[in-house]
Amino acid sequence: MTEHCCQMLQDAVEGDAILNQPLRTMHGRILNEIDSDYAVRSAEDRPNLYPMNFCPFCGRAVSRTIWNAEKKK
């Protein structure tokens, strides 16, 4: 089981409100350049995916884009 940053994000993933590892599942078109394990999807037949930089519940960085930028500092 994947560890999530907070219980609310875990609940959102389990309820399919937020996709975990969207690049591996490829449920639709990715609409931004964020390299993340989490994405919000639209409610279309072939949904659009919006990868996220931060958890919408606790604010923790959830994207590799942010992690990599922090490592370079």
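Residues numbered from 1 in each chain as written. Predicted model: local features only at pLDDT ≥ 70, side-chain atom pairs only at ≥ 80, totals over all residues. Heavy atoms only, no water.

(A) How the structure looks around unusual backbone geometry. Its identity as a non-glycine residue notwithstanding, Asp-16 has a phi of 65 degrees, on the positive side. Looking at the secondary structure, you find Asp-16 in the loop between helix H1 (7-14) and strand E1 (18-20). (Helix = DSSP H or I, 4+ residues; strand = E, 2+ residues; numbered from the N terminus.)

(B) How the structure looks around the pairing of strand E3 (residues 38-41). Sheet topology places E1 next to E3; 3 bridges connect them, and they run antiparallel. For Asn-20, the partnering residue across the bridge sits in E3 and is Tyr-38. (Pairing = 2+ DSSP bridges.)

(C) Fine view of the nonpolar core. One finds Cys-6, Leu-9, Ala-12, Val-13, Ile-18, Tyr-38, Met-52, Cys-55 and Val-62 forming the largest nonpolar core, which totals 9 residues. What Leu-9 contacts, discounting residues up to four positions off in sequence, is His-4, Ile-18, Tyr-38, Cys-55, Phe-57 and Val-62. (Core = buried A, V, L, I, M, F, W, Y, C linked by side-chain atoms within 4.5 Å. Buried < 20%, exposed > 50% of the residue type's maximum accessible area, 1.4 Å probe, protein only. Contact = heavy atoms within 4.5 Å.)

(D) Fine view of the sheet that holds strand E2 (residues 29-30). Across the sheet, 4 strands lie side by side as E1-E3-E4-E2; this open sheet has mixed pairing. Both outer strands of the open sheet, E1 and E2, are each paired with one neighbouring strand and no more. Summarising the sheet, E2 and strand E4 (residues 48-51) pair through 2 bridges and their orientation is parallel. Bridge pairing links Arg-29 to Asn-48 in E4. Against the sheet, H1 touches E1 and E3, its axis set at about 90 degrees to E1. (Axes fitted to C-alpha atoms, helices over the stretch in contact; angles between N-to-C directions.)

Function cannot be inferred from these measures alone, as they are strictly geometric.
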